[in-house]
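Listed below, chain by chain, are the residues.
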Amino acid sequence: MTHSILFVCLGNICRSPMAEGAMRAAAEARGIDIHIDSAGTGSWHIGDPPDSRAQAAARANGVEISGQQARQISASDFDHFHHILAMDGSVLGDLALIQRPQSPAALSLFLDHLPGREGQDVADPYYGGDDGFQTVWDDVAAGAEALLDLITAR
Ligand code: 4NP
């Protein structure tokens, strides 16, 4: 079975596109076939590419994410993805309200899958400086490896 994973943040222009890019690169490096996508709970940036600072941080780490386009989560995503991973606790709470009771997706906090970082948020870098984007990259790259460890251990 091909796993499918949807990463979700607020705007879908910073954290979740970086998670999508990091996960795609890490899966490709391991030769693992996974369906990967990202979305936001908000509608402000629908159709936009990732924030230029997010693109720069990804590129500095060898991954190109400029081709991504922001989209908003919909309730039907919970019928189509196996795993929906929230980048912070606030997004997790919002997603729990969007998921219909009969929808099978497993909803969780992204960093709950990274040993030692359980319960933590990937900090929103939108209103901060460039160093916040490298911190996000470090978090999503480590989380991606941890997720692949889980997937391959099954
Ligand atoms: P993201 O960052 O949720 O990591 O994509 C944000 C992007 C945009 C906004 C907030 C956070 N915004 O308010 O427009």
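Quick summary incoming for the structure in this document. Predicted model, so just to flag it, every value in this text is computed and none were measured.

1. Considering the pattern of salt bridges
For the coordinates displayed, the defined rule picks out 11 salt bridges. Residue Arg15 is joined to Asp88 by a salt bridge in which the shortest nitrogen-to-oxygen separation is 2.9 Å. Here Arg15, found in helix H1 (residues 15–30), pairs with Asp88, found in the loop between strand S3 (83–86) and helix H4 (89–98); they are 73 residues apart in sequence, far enough to count as distant. Accessibility expressed as a relative area gives 11% for Asp88, which makes it buried. Between Asp149 and Arg30 there is a salt bridge whose closest N-O contact spans 2.9 Å. One end of the pair, Asp149, is in helix H5 (residues 130–153); the other, Arg30, is in helix H1, and 119 residues separate them in sequence. Where salt bridges share partners, they join Arg15, Asp88 and Asp124 into one cluster.

2. What to know about the pairing of strand S1 (residues 3–9)
Burial analysis of S1 places 7 of its 7 residues in the buried class, the great majority of the element. Side-chain alternation along S1 places His3, Ile5, Phe7 and Cys9 on one buried face and Ser4, Leu6 and Val8 on a second face that is also buried. Remark: the S1/H1/strand S2 (residues 34–40) crossover connection has right-handed handedness. Pairing of S1 with S3 involves 4 bridges; the strand directions are parallel. Opposite Ile5, over in S3, you have His83 as the bridge partner.

3. Focus on the packing of aromatic side chains
According to the stated counting rule, one finds 2 aromatic pairs in the structure shown. Relative to Phe110, the ring of Phe7 has its centre 5.8 Å away and its plane inclined at 75°; by these criteria the two rings are edge-to-face. Of this pair, Phe7 sits in strand S1 while Phe110 sits in the loop between strand S4 (106–109) and H5, and the two are 103 residues apart along the sequence. By relative accessible area, which is 1% here, Phe110 ends up buried.

Conventions adopted
Residues numbered from 1 in each chain as written. Predicted model: local features only at pLDDT ≥ 70, side-chain atom pairs only at ≥ 80, totals over all residues. Heavy atoms only, no water. Salt bridge = Lys/Arg side-chain N within 4 Å of Asp/Glu carboxyl O. Helix = DSSP H or I, 4+ residues; strand = E, 2+ residues; numbered from the N terminus. Buried < 20%, exposed > 50% of the residue type's maximum accessible area, 1.4 Å probe, protein only. Right-handed = clockwise from strand over helix to strand, strands pointing away. Pairing = 2+ DSSP bridges. Phe/Tyr/Trp six-rings, centres within 6.5 Å; stacked < 30°, edge-to-face > 60°.

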